[in-house]
Amino acid sequence: MDASPAVLNAQALKRMQLAAYERAKLKPPDLSAAALAARDAASLRALEPGGSIEQAIAERLRAQGRDPEAAKGEVERLREAAQQIDQHATPLVDSGEEQPLCHPHHAMILSTQRKRLEGLVNFGLPEFTSAFLWLKDKVTLSTLLTCELNARTFKAPYAQDLQPQFWILFDPVFFDFFYHLSNAFASAIDMDGLDKSGNRYAMGDETASVDDAIHWGGPEPVEMAYKMLRSFVTFGFPPLDIVSYDDRIFPLAETLRNQAALFVLAHEYAHIIRGDMDNHASHQAPWQAEINADILGFRMSNAVLTMEDAPAKVRKAGINLFFSGLLLVELARRALDKGEKQRVADLMPQQAPSATDSHPEAISRLCLLDDEFSQHFPPDQVRWSEFLTALFVEITTQFWLRIEPQFLDLHSKGVRAKTVWKGSIGLEQGNS
Amino acid sequence: MEDVEREKFLQDVVSGAAQIDYEDMLLSSQPAQNFGGPPVVDDKSREARNQALLLSKNTTVLEHLCPALNSASGDLESIAKIAGTVLFPLSLTPTAPVSISALAIGALAVLVARAGVATLCPECGGKAKEQG
């Protein structure tokens, strides 16, 4: 008896996930609960006093002619930062989906965002109700090691035209990158200052400044922004050298990265809803399809946040984080590859997109979504949202001004950007 | 010794088919952003795809392959295994009509899985593609 399309698609997805590991020259990781617990325990042992990490640091210090005893302090700092990450980690809830090649934390994040989006059947907008009723049981969410900071939508190969199936697959590195980035941004945002100056700006006070909503509060945000960008952009891995943060930043950081994941997932759902995955689609330029998916994705993520009673003024925060991340990556890559000073403004496109261009620059997409927001909300909320966007662009700019010299120094030493990112899986397997 | 070589060749064909299939799926997908990584299809893969097209039109290859494909179940791995098994001896022949690498046979298997056996072998009465 022939296998059902569902079985064939599950086999095809697994085959593709395995092919992706082979292409990246990595072993598919064992993501069972037992294996993950064993790896966590091994990491803890490595961080113990006198453990392998202390020994490695001591050796490095010795080779540099420095006091190897200093390794103790460095490991103590790393241990504290690792403990803090553990304390603030979201407890794992079984997503109920069997995904042997998807990390359970990633499956949980995706499953949570899917539930939020599927709740739009009850939002009261017929367009969303019919879209999500039609989408029910048609979309599989998982991860795929593409070695890119990306998510992709696929039309599953085995399905009838009237009953199509889709896969939305995030690269695991997406979660690595936005975990660290959200911590760095959250630690730079002064929530009290944001409330006060955002409200003033919303009420028409042009003297309200985003500077009042930024606090550096020590070297951590900039230090972490540099370490994470250097690690991802030059090695394709998350940073090993982590820092501790103020405990209060973690709820905001988690909200930011979850909103970013929600928006990216909504963007991908938008491609499906708009028919961009149809074999016969596409009479429109690829860049136009991306902008349309951004706008519909924004409308969906905004509707989710409305249902959850999130204030309108902060509903673009995750979107801002997503595009700020892309801007920082682009700035770091250009600095490494060209060795020239760059500013956020330099990333603004100098000419209109051509018919074959795919994704517009991040800064253009961010501005277009601000325009979209302004068409649907009252003026005070529009001004609040503009203020929030300006804040993220300012933090991006300030981060970059502070860390650019170090990237230019790396360029002068011959370091160049890596375009294949293997994330924590590559790191665990010691791959380069 | 030949058994070991054949087994290794078969594994390479199956993994090559999965790689070509992966690349094609990636090319047909909608990414959330333009990351600017290396090209999905590299020179080696492009060469194998060109070889596969030549193989799919070569009479000698089809004479060997089509009867065997009649029993294929339609899934990529099964087609790749059959194609690898049948074409392995040809790949060893110095006077082979076209260059036959494991990756090229993998690419051929992808062509067959997509189009259906009947398209490649119209006179063999193979199954036409029903889905996808």
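Nothing here was measured: the structure is a model prediction, and the numbers come from that model.

Asks: Account for the overall build of chain A, naming residues and giving values.
Replies: The secondary structure content of chain A amounts to 15 helices and three strands. Relative to a compact globule of 432 residues, whose C-alpha radius of gyration would be 22 Å, chain A shows 22 Å and is just as compact. Long-range pairs, those at least 24 residues apart, make up 75% of the contacts in chain A with a sequence separation of at least 6.

Asks: Would you mind going over the interface of chain A and chain B in detail, with residue names and values included?
Replies: Chain A puts 33 residues into the contact, and the matching count from chain B is 21 residues. Looking at the side of chain A that touches chain B, the elements that each hand over two or more residues are helix H1 (5-23), strand E2 (151-155) and helix H10 (249-273) of chain A. Here the side of chain A that touches chain B gets nine residues from one element, more than from any other, and that element is H1 of chain A. Class assignment of the residues belonging to the side of chain A that touches chain B gives a composition of 17 nonpolar, nine polar and seven charged.

Asks: Kindly report on the environment of Gln99 of chain A, identifying the contributing residues and their values.
Replies: All names here are of chain A. Structurally, Gln99 is set in the loop between helix H4 (70-88) and helix H5 (104-118). With 73 residues separating them along the chain, Gln99 and Pro172 place their C-alpha atoms 13 Å apart. Among residues more than four places away in sequence, those in contact with Gln99 are Ala107 and Ser142.

Asks: Give me the packing of helix H3 (residues 52-63) of chain A against H4 of chain A: which residues, what numbers.
Replies: All names here are of chain A. In the contact formed by H3 and H4, the axes pass within 9 Å of each other and the chain directions differ by 135°. Viewed along their axes, H3 and H4 adopt a mutual orientation that is oblique. Relative to H4, the crossing made by H3 is right-handed. Two secondary-structure elements touch here, H3 through Ile53, Glu54, Ile57, Ala58 and Leu61 and H4 through Ala70, Ala71, Lys72, Glu74, Val75 and Leu78. Considering only residue class, the contact of H3 with H4 consists of eight nonpolar, no polar and three charged.

Asks: Talk me through the nonpolar core; I want residue IDs and the actual numbers.
Replies: In terms of nonpolar packing, the biggest core is built from 150 residues, with Met300 of chain A together with Ile79, Ala83 and Ala109 of chain B touching the most fellow members. In terms of residue count, the dominant contributor to this core is H10 of chain A (15 residues). Counting the residues that make up this core, at least three belong to each of domain 1 (5-170) and domain 2 (173-428) of chain A. Those residues within four positions of Met300 of chain A in sequence are excluded, and the remaining contacts are Leu117, Leu120, Phe128, Ala266, Tyr269 and Ala270 of chain A.

Asks: A description of the pairing of strand E3 (residues 166-170) of chain A should follow, citing residues and the corresponding values.
Replies: Residues and elements named next belong to chain A. The buried fraction of E3 amounts to five of the five residues, a majority that puts the element mostly inside the structure. Residue alternation in E3 divides its side chains into two sets, Phe166, Ile168 and Phe170 and Trp167 and Leu169, and both sets are buried. Where strand E1 (residues 139-143) and E3 come together, five bridges link them in parallel fashion. Counted as the bridge partner of Thr143 is Phe170 from E3. Where E2 and E3 come together, five bridges link them in antiparallel fashion. Bridge pairing in E3 links Thr153 to Ile168.

Asks: For unusual backbone geometry, give the residues involved together with the corresponding values.
Replies: All names here are of chain A. Even without being glycine, Lys25 reaches a positive phi, approximately 60°. Tracing the backbone through its elements, the reader meets Lys25 in the loop between H1 and helix H2 (33-47). Look at Lys25 and you get exposed, because 11 C-beta atoms sit within 10 Å. Even without being glycine, Cys147 reaches a positive phi, approximately 65°. Locating Cys147 in the fold gives a position in the loop between E1 and E2.

Asks: If you had to explain helix H3 (residues 59-69) of chain B to someone new, which residues and values would you point to?
Replies: All names here are of chain B. Of all the positions in H3, only Val61, Leu65 and Leu69 are classed as buried. The arc that holds the buried residues of H3, viewed along the axis, is 35°, so those residues lie on one side. Facing away from the buried surface of H3 by more than 90 degrees, the exposed residues are Thr59 and Glu63. Elements that come into contact with the buried residues of H3 comprise helix H2 (43-56), helix H4 (76-92), helix H5 (102-115) and helix H6 (117-120).

Asks: Provide a residue-level description of the confidence of the model for chain A, including the pertinent values.
Replies: Per-residue confidence for chain A averages 91 on the pLDDT scale, and 97% of its residues sit at or above 70. When pLDDT is averaged over each element of chain A, E3 of chain A comes out on top at 97 and helix H13 (residues 362-374) of chain A at the bottom at 88.

Asks: Pulling in residues and values, what's your account of H5 of chain B?
Replies: What sets the pattern is the α-helix's 3.6 residues per turn: residues three or four places apart point alike. Residues and elements named next belong to chain B. With 14 residues, H5 extends 20 Å from end C-alpha to end C-alpha; this agrees with the ideal 20 Å at 1.5 Å per step. Taking burial as the measure, the 14 residues of H5 include eleven buried ones, the bulk of the element. Ala102, Leu103, Ala104, Ile105, Gly106, Ala107, Leu108, Ala109, Val110, Val112 and Ala113 are the residues of H5 that are buried. Of the residues trailing H5, Gly116 is marked for its positive phi of about 95°.

Asks: Please set out the domain arrangement of chain A residue by residue, giving values where relevant.
Replies: Residue and element names in this part refer to chain A. For chain A, the assigned domains are domain 1 (5-170) and domain 2 (173-428). Contact residues are listed per partner, giving 34 residues for domain 1 and 31 residues for domain 2. For the side of domain 1 that touches domain 2, the secondary structure elements donating two or more residues are H4, H5, helix H6 (126-135), E2 and E3. Across the side of domain 1 that touches domain 2, the residue classes break down as 21 nonpolar, eight polar and five charged.

Thresholds, definitions, all that
- Residues numbered from 1 in each chain as written.
- Chains lettered and ligands numbered in written order.
- Predicted model: local features only at pLDDT ≥ 70, side-chain atom pairs only at ≥ 80, totals over all residues.
- Helix = DSSP H or I, 4+ residues; strand = E, 2+ residues; numbered from the N terminus.
- Rg over C-alpha atoms; globule rule 2.2 N^0.38 Å.
- Contact = placed C-beta atoms within 7 Å.
- Nonpolar A, V, L, I, M, F, W, Y, C, P; charged D, E, K, R; others polar.
- Axes fitted to C-alpha atoms, helices over the stretch in contact; angles between N-to-C directions.
- Parallel < 35°, antiparallel > 145°, perpendicular 65-115°, else oblique.
- Left-handed = near helix turned anticlockwise from the far one by under 90°.
- Core = buried A, V, L, I, M, F, W, Y, C linked by C-beta atoms within 7 Å.
- Buried ≥ 20, exposed ≤ 12 C-beta atoms within 10 Å, placed from the backbone.
- Domains from an automatic or database assignment.
- Pairing = 2+ DSSP bridges.
- Arc of directions from axis to C-beta.
- pLDDT = per-residue confidence, 0-100.
- Expected span 1.5 Å × (residues − 1).

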